[in-house]
Every structure is written in C-alpha cells, then in structure tokens.
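Secondary and tertiary structure notes
So you can see what is in the structure, the chains are spelled out below.
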Amino acid sequence: MTTESLPAAAVHVDGVAREFGAVTALSGVDLTVAAGEFVSLIGPSGCGKSTLLRLIADLDRPTAGSIQVFGRSTEQARLAHDYGIAFQQAGLLPWRTVRANIELPLSLHGVGRAGRRERATEMLDLVGLTEFADHFPDQLSGGMQQRVAIARALAERPSLLLMDEPFGALDEMTRERLQSELVRICAETRAAVVFVTHSIPEAVFLSDRVVVMSPRPGRIAEVVDVRLGDGSRNDALREDRAYFEAVTAVREALHGGAATGLRGVETR
Amino acid sequence: MRALRRVGLGLAAVLLLALLWELVKAVVPEDGWSIGDLRVLPRTTDLAMPHVPEMLSRLTDPLAGASADPLWLAVLRAGGTSLRIAAVSWLIGVVVGFALALLMTRFALARSAVLPLVVLSQTVPLIALAPLVKGWGAKLDLGDVTWQPWMSVAVIASYLAFFPVAVGALRGLRSPDVLHEELFTGFAASWTQTLVRLRLPASVPHLLPALRLAATSAVLGVVVAEVSTGMPGGIGRMILEFANFASSDPAKPWAPIFGAVLLGLVAAGAVGLIGVGLGRFRRTEVSA
Amino acid sequence: MTAATATRAGLVTRWSHLLAPVVLFGLLIAAWQLVVELADLPAFLLPSPAAIVDEFTAFWPTISGAAVVTGTNALVGLVAGALVGIAGAVVAASSRIVDALLAPLVAGLAVVPIVALAPVLYTMYGASAETGRQIVVAVAVAVPVFVNTLRGLRQVRPVHRDLMRALGATPRQVTRQVTVPTALPFVLTGLRLASSLAVISAIVAEYFGGPRTGIGSFITTAAAGSNYARAWAYVLGGVLVGLLFYLATSALERWGVPGPRRR
C-alpha cells in the first residue's frame, strides 16, 4: 500500500467524544491528518491525547462522533493492518530475539519465512541494529529497545504510524538521536504519523503541525502550523531561529489553553 | 559446580538432621517431656526412636525371614509402582488442569463460575472419592481392557494434581501486560494467534512451578489413594503395613518413609527437567 | 451507547459474575440429584445430595464433634508450623549459612509426602494423642510459609533501604517501617496456601492410624460399614472445615494487602 494510491486523508476525526463514566476525557474533537503528514498531540496530563490515539488505533471506541482511517472505520483499518503502533514502553516479547520481535506482525499476518527475514533485515538496517539481530531484549539498552519497537511498527510498511510518547522514558541525548532517526525514517517511508508527546521541543522538531490540547474536558485548544524550513529537518534546525519561534508559539498556546497552570508539560 | 555445592549442602543438612535426632534421643528422658498432659517432646526409647544407623542397616537386611529380598529392594520396587501410577495421574491432572485454564482464559464468565468451584473441590477429602471411582471403574466398558485397581488410584490422585495446573496455567495465561495485549489487538491477531504467540510463552514461568507442584500432589495423592482403595504393591500401602512392626522391628517402618522421600524427589526432579530447555521464556523485558 | 446504559450493563455483568459460581454449583447439585434418581444409582456408587443432607442433619452432633477435632488439629498445626516457618525465614534471611543449609532441606520437604511420617509420629507421641497429626500438619504448613516469608523479606526495595539509611534509622525502626510492611503480604499469602494443606494433612494423617476421633477416621468407619450417605455427610463436614480455613486466611490476606487488589 502506498500513500499515492490513497486519496483519503490518513486520519479523519469528526466530533469525537469519549466519556469514562462521569469523566469526560474528550469532547468535540475534530482533526484531519493528511497522508504523509506528521502531527503531534501535546498537552498537560489528562488532556486526552493518549485517549485520542487509542481511539484512532481502535483500542477503544468513542462515545460520540466518528473516526476514519484512510476512509474506512478504525476497526476495518486495524483488521487491514493500516497502521503501525509504538508505545512509551517498547513492549518487546522478552522470549523473542530482536529479529523475531520485528518479524512478529509479519508472521501473524502470514508472511512467509523468506519474506519475513528479508523485511526484518531491511528494518534492522534502517534502525541501525543489524549486529544485535540475535540478542534478546533484556540485553539491550532502553533506547535500543525502543528502536526495535519502531522497526516492528514499520515492518508492514504502514501508511500510518501511531506513537504514544515513544521516547518518553529515554534520556535527553538518546531522545534527540532517535528523533533525528525518526525524521529520516519518515522521509524514507512517507508514512503519516500521529505522535503523542509531553515535550514542546520534540513536537516542534518533528511535526508539520502541533495540536495543542487542554484538559477537563479534553479538547483541541489550538493547532500550530510548524512546517519548518523546506521540510528536510536536521540537527542544525534545533538552533534555528524559526525553531525557537515555533517553540514559543506552542508554549503560548499551551498557556492560553490552561491558564490554571501546566502540569506534566516539559519545556526542555 | 554450583549444583555440586547444593548437593553437598543438602547432604550436610540431612546429616545435621540425623545428629539432631540422636541428640534428642540422648538428652530427652525415655518417656518424653510433657507439660501437664501434653507430651511436647517425644518418647525416646529405642522402640519409639530407633538410632539412625539402625534405620539404615535395616534397609540391607531381608524383608522378612532369611530367604526374602533385601528390604531396600522391596522399597524400591514399591516406589517404582507408585511412581508409575503418579506419572499417569500427573498426566491426567496436567491435561484436565490445562483444559480448564484455557476455558477460563477464553470466557470470563466461565472463570468466575468455575474458579471458586475448583478451589472448593480441593477441600473434598480424597478418600471420599475412593469407593466412587472404584465403583464407576468397575462399571466402565473398556472393551478388552478391564479396570485395574491402579487406574482407580491414578484417577483419584489426579484429582489433587489438576488443581495447581489449573490455577498456575490460568495465572500464566493471564500474565501478559496490557501493553502486549493491546499490541496484539493492534496487529488484529486472532484469539488463537494471541494464545500461541503471547499467552503460552508468557505462561511458562508460572507453568513450570505449577507442573512441579502437580508432581508433588500426584505423589501425595497416590500414597493416600493406595491407602484408601487398599491397593497393594505401592509405597503408601507399605507405609501402613510396616507401621504394624513399630513394636517388634522399630527400624522397619522407616524404610518406606525413605522410599516416599525418594519418590517425591525423583518425581519433582523429573518434572524439573522440563524447564531445562525453556530458559528463554524466563527472560523479562528490562526497560533501561 | 449512552453512559447510563453503559453503567447498567456494567452492573449486570458484575452481578452475573458474582452469581455464576452459585448458579453453576446449584446446577451441578441438581444434576447430581437427578442422575442418582433417574439412573437409580446404588448408594455405594453415589448417594443423592438429599440423602447426604438428611444424614448430615441426623448425625450433626457427631459430625460437628469430629469436625472440631480435625479443625483443632489443623489449627494447632497451622499456628505452630507458621511460627516455625516465619522464624526459620527470619534466621535464613539474616544468616547465609543457615540459608544455605535450609534451602535444600525445604526444597526437599516441599516435594515429599510428609504424611508418610504419621505412623512413626504416632509411635513417638503415643497412638492415643493427637500430637502426631498436629506435627504432620505443622511440617506441611511450615514449608510454604517459610518460602513465602523469605521471598517477602527479600522483596525490600533498595530505594527504601537507602532512604532509611539516609534518615539514620535504627535496625528496629527499619524492621518496623520497611521490612515488616513489605514482607507481610507475602507471609499472609503463604498462610493462605498453607491453610488448605493444613486441613488436607490433618484429615489424611487420620488414615494412617491414631485415635479414631476426627473427620477422616469417621469417613473410613462409615464407608467400611457401608453407610455411604453417612460417609459423604462426614465428607461434607470436612469440606466445611476446609472452606472455613480457606475463607479465614483469605480474609486475613486481603486485610494485609492494602489498596485495590490485583487481578
């Protein structure tokens, strides 16, 4: 499946609400993510950004509104393996080697042994872990585990990548390196990405658009158009003037959205 | 090397136990030591507490009279009989227990309905089942095979053996993180795929101790079932028979006890071997 | 689906899960009764639940007396065995050599049918005393309590130990504030596991001789006299004792583990 053959938007969220009993986690959310677009969801704890991601992934159902992924229901999209997903914890199966972990979605969907092996080799190369193919997850650092998880999410060449704070548990240096890697990988695969994060610099560096959310009830406060430079990002960008301006814009949007103080947003 | 150390320590511990036995025998008065009517420390006469060397040397003497086999051989033979029956009942227990665990994993309602009854089932004294199983067995039409007493023993013992497997396997099959379960949902994996790729491998660390526990339960079950069904030839029956020699041949009742100890160790050891090839399933994911 | 129907559905689900074992149990008993009546089974094979309940009420004084004897044996053994197990674990946690010696011994005891000791214990303590049975129970109980307590004592997290050290806490304070609260849930879990072992061991030890006073002895006597419904009535008495022990130790365990229970 390639991005070009899909005229529909990657994700189309229309008037979505999610209530847990008396608590309204999300209300009145509208959002469209174009094919190949990188969109970050940012906001303080309890703003419903992870809930929104889970709704898109069909791990949960909205109480109102509808969500379409590439023009079909989220369930159809999940069953058709339209997206790859990565969480804050790598979630690797401890009894499988790195290679076998990357092959897992392929083998679940009936890809033959040779096909699996070829694709896993490609993916290992992509995330730079070729020499660790036969290691077990507990022999890897947290950053390496997370790279394996990303390779697993990409193994089926999805046109949509869903990521829930994938770098949240990593140290700052590892984090910046993986961000750069993710930018490169996205450029190569041309997949659309919905990326949940706590970190303003991370959101700004990675995204075409940053969706700023506010809590109680969770809703979209503002959408900041970033689209830095000519679209090709590199580490020099982190010191660019436009980058700092975008960081400021997002920070102000966050403050405007929740005047009572911000919890859980890192400004590092 | 480490295994050797453990064996050495085990032997040292057993030796200490024997020394303690002899110490009690030497220090405590012949009629024991009582607080009021309650005897706290045992009688220490040679009849009540034979010397340890005597217990051991009795093993090499003939079973009874001069012409019979030595006692240790008779004990080993009885132990072998019991071990074979225990193996069968372990197998029955594992199959039944695992089937129940699968059922309870698949259907939440089955779990809430069956699990309390599984727990309750273990409070039913084994002996109650003896006449039942014997009676039903006799009525069963198995074609050319006739129902043997040992089959009753195996069925009764499996009643103890299935429990740890059912509980342990259920816990193991339900042990994967929510994260992993959601990952498989995201992969649109079927229930069977999730079972084979996720739940079964994740259950191994819970399953191995459960299987060992089942072996121990099977041994206990066989010993008790032999007594309650009156099946001769096994170690349980031997314990009961030899107890009658307590006043005439005090070292003799100890022989089948040693046999029972050996039986338990062999059964648990054999099951422990299953875990040898499964090391990779005991790895845990460490997030740095 | 609106929020209201969602909660109602949740309530219905919760009730159905609470009722499920009761319904299943009722169905099983009804099926048992029906099978016995329709197939006209002889009491030797399986007496009907109604006949068992009749015998149970008729022989209640004897049954309750026997249940008290067996229950007392199990309780005395449970308490004694738990004390031995906990004391052993405390010593093993603080002394490496004791730990090294006890570990193989306990591992061995854990897989051995301890009830085999019953006959020689009857000789040692006298065949008319219950002491032998109580010792069998105590040894059987001590093993899981020891194993779980030791696991609990080793569960103390380094960060807590460091914290107490930084606060300059005395060993006594460390024990009270950190070690005991950490280990307690494990001890109580060991006790719950041991409770069913205690009752089983107490009953089984009666098959191997000693005074004919407890549930196990009465089951054999009734079965030998072909009073099968009565034997099952005694079995019911044994089930009740086992259930009582299980529920009591489960409640204790729940009390010792604060916060919401894990699934």
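Remember, predicted model here, so these are calculated numbers, not experimental data.

**Quick notes on the overall build of chain A**
Each helix and strand in chain A was counted, giving eight helices and 10 strands. For chain A, the proportion of contacts with a sequence separation of at least 24, taken over those separated by at least 6, is 70%. Carbon and sulfur atoms form 48% of the exposed surface of chain A, whose accessible area is close to 10,900 Å².

**Quick notes on the overall build of chain C**
What chain C contains, in helices and strands, is 10 helices and zero strands. Scanning chain C from its N terminus toward the C terminus, one meets helices and strands in the order α-α-α-α-α-α-α-α-α-α. Referenced to the eigenvectors of the C-alpha coordinate spread, the extents of chain C come out at roughly 75 × 70 × 30 Å. For chain C, the accessible area works out to roughly 13,300 Å², and carbon and sulfur atoms hold 70% of it. Side chains of chain C carry 18 positive and 9 negative charges; the gap between the two charge centres is 20 Å.

**Concerning the nonpolar core**
Within the largest apolar cluster, 100 residues are counted, with the highest numbers of intra-cluster contacts made by B:Trp90 and C:Phe208. Among the elements that make up this core, the one with the highest residue count is helix H8 (residues 191-229) of chain B (11 residues). The residues that make up this core include at least three from each of domain 1 (1-49) and domain 2 (50-281) of chain B. Those residues in contact with C:Phe208 that lie beyond four places of it in its chain are B:Val223, B:Val227, B:Gly236, B:Ile239, B:Leu240, C:Val115, C:Ala118, C:Pro119 and C:Tyr122. Core analysis: the next-biggest nonpolar cluster, separate from the first, contains 51 residues, A:Ala90, A:Leu106, A:Tyr243 and A:Leu254 among them.

**Structural notes on the packing of helix H3 (residues 60-94) of chain C against helix H4 (residues 96-111) of chain C**
Residue and element names in this part refer to chain C. It is at 5 Å that the axes of H3 and H4 come closest, and there the two elements cross at 125 degrees. Taken as axis vectors, H3 and H4 run oblique relative to one another. Along this stretch, H3 crosses H4, giving a crossing that reads as left-handed. Seen from H3, the contacting residues are Gly88, Val91, Ala92 and Ser94; seen from H4, they are Arg96, Val98, Asp99 and Leu102.

**Some remarks on the pattern of salt bridges**
Residues and elements named next belong to chain A. The tally for this structure, following the rule as stated, stands at 21 salt bridges over all chains. Of the charged contacts, one joins Asp58 and Arg78 as a salt bridge, the two residues approaching to 2.8 Å between their closest N and O atoms. With a gap of 20 residues between them, Asp58 in the loop between helix H1 (49-56) and strand S4 (64-69) and Arg78 in helix H2 (residues 74-79) connect regions that are remote in the sequence. An identical accessibility class is assigned to Asp58 and Arg78; each is buried.

**Topic: the packing of aromatic side chains**
Summed over all chains, the structure comprises 12 aromatic pairs over all chains. Summarising the aromatic geometry, the rings of C:Trp32 and C:Trp232 are spaced 5.9 Å apart at their centres and angled 70 degrees between planes, so their arrangement reads as edge-to-face. Taken together, the residues span a long stretch of sequence, with C:Trp32 in helix H1 (residues 3-38) and C:Trp232 in helix H10 (residues 228-256) at a distance of 200 residues. Given a relative accessible area of 23%, C:Trp32 falls into the partly exposed group. Each residue in the set A:Phe38, A:Phe167 and A:Phe195 is aromatic and connected to the rest through ring pairs, giving one cluster. Directly above the ring of B:Phe242 sits B:Lys252, whose terminal nitrogen or CZ lies 4.6 Å from the centroid.

**Some details on the environment of C:Arg133**
Residues and elements named next belong to chain C. Note on placement: Arg133 falls in helix H6 (residues 131-153). We classify Arg133 as buried; its relative accessible area is 0%. Measuring from C-alpha to C-alpha, the distance between Arg133 and Asn73 comes to 6.7 Å, with 60 residues separating the pair along the chain. Aside from chain neighbours lying at most four places away, what touches Arg133 is Asn73, Tyr122, Ala205, Glu206, Gly209, Gly210, Pro211, Thr213 and Ser217.

**What about the pairing of strand S10 (residues 219-225) of chain A?**
All names here are of chain A. Both strand S9 (residues 209-214) and S10 contribute to a ladder of six bridges, which runs antiparallel. Across the sheet, Met213 pairs through a bridge with Ile220, a residue of S10. Between S9 and S10, which pair antiparallel and follow one another directly, the connecting turn spans four residues, one of which, Arg216, has a positive phi of 45 degrees.

**Focus on a positive patch on the surface**
Together, B:Arg2, B:Arg5, B:Arg6 and C:Arg96 make up a region of like positive charge exposed at the surface. Tallying contributions element by element places helix H1 (residues 2-27) of chain B first for the positive patch, with three residues. Within the fold, B:Arg6 resides in helix H1. Since its relative accessible area comes to 56%, B:Arg6 is described here as exposed.

**As for the sheet that holds strand S2 (residues 23-33) of chain A**
By definition, the strands of a sheet pair up through backbone hydrogen bonds, in either a parallel or an antiparallel sense. All names here are of chain A. One open sheet accounts for four strands, arranged S2-S1-S4-S5; its pairing is antiparallel. Every other strand in the sheet has two partners, leaving S2 and strand S5 (72-73) as the edge strands with one partner each. Strand direction decides the pairing type here: S4 and S5, joined by two bridges, are antiparallel. Bridge pairing links Gln68 to Ser73 in S5.

**Quick notes on unusual backbone geometry**
Residue and element names in this part refer to chain A. For the bond from Arg216 to Pro217, the omega torsion is -10 degrees, close enough to zero to count as cis. Here Pro217 is to be found in the loop between S9 and S10. One non-glycine residue, Arg190, lies in the positive phi region at around 55 degrees. Looking at the secondary structure, you find Arg190 in the loop between helix H6 (172-189) and strand S8 (192-197). The exposure class of Arg190 is partly exposed, given its relative accessible area of 49%. Positive phi, close to 45 degrees, is recorded for Arg216, a residue that is not glycine. Mapped onto the fold, Arg216 is located in the loop between S9 and S10.

**What to know about the interface of chain C and chain B**
Opposite the 46 residues of chain C that make contact, chain B presents 64 residues. The contact between chain C and chain B buries some 4,700 Å² in all, and 79% of this surface belongs to carbon and sulfur atoms. Taken together, the links from chain C to chain B amount to two residue pairs in polar contact (both at pLDDT 80 or more). Looking at the side of chain C that touches chain B, its residues break down into 36 nonpolar, nine polar and one charged.

Basis of the calculations
Residues numbered from 1 in each chain as written. Chains lettered and ligands numbered in written order. Predicted model: local features only at pLDDT ≥ 70, side-chain atom pairs only at ≥ 80, totals over all residues. Heavy atoms only, no water. Helix = DSSP H or I, 4+ residues; strand = E, 2+ residues; numbered from the N terminus. Contact = heavy atoms within 4.5 Å. Areas by Shrake-Rupley, 256 points an atom, 1.4 Å probe, with all protein chains shown as cover. Lys, Arg positive; Asp, Glu negative; His and termini not counted. Charge placed at Lys NZ, Arg CZ, Asp CG, Glu CD. Core = buried A, V, L, I, M, F, W, Y, C linked by side-chain atoms within 4.5 Å. Buried < 20%, exposed > 50% of the residue type's maximum accessible area, 1.4 Å probe, protein only. Domains from an automatic or database assignment. Axes fitted to C-alpha atoms, helices over the stretch in contact; angles between N-to-C directions. Parallel < 35°, antiparallel > 145°, perpendicular 65-115°, else oblique. Left-handed = near helix turned anticlockwise from the far one by under 90°. Salt bridge = Lys/Arg side-chain N within 4 Å of Asp/Glu carboxyl O. Phe/Tyr/Trp six-rings, centres within 6.5 Å; stacked < 30°, edge-to-face > 60°. Lys NZ or Arg CZ within 6 Å of the ring centre and 35° of its normal. Pairing = 2+ DSSP bridges. Patch = residues over 30% accessible without salt bridge, like charges linked within 9 Å, V, L, I, M, F, W, Y side chains within 5 Å. Buried area = accessible area lost by both parts, 1.4 Å probe. Polar contact = N/O pair within 3.5 Å; in protein donor to acceptor, adjacent residues only side chain to side chain. Nonpolar A, V, L, I, M, F, W, Y, C, P; charged D, E, K, R; others polar.

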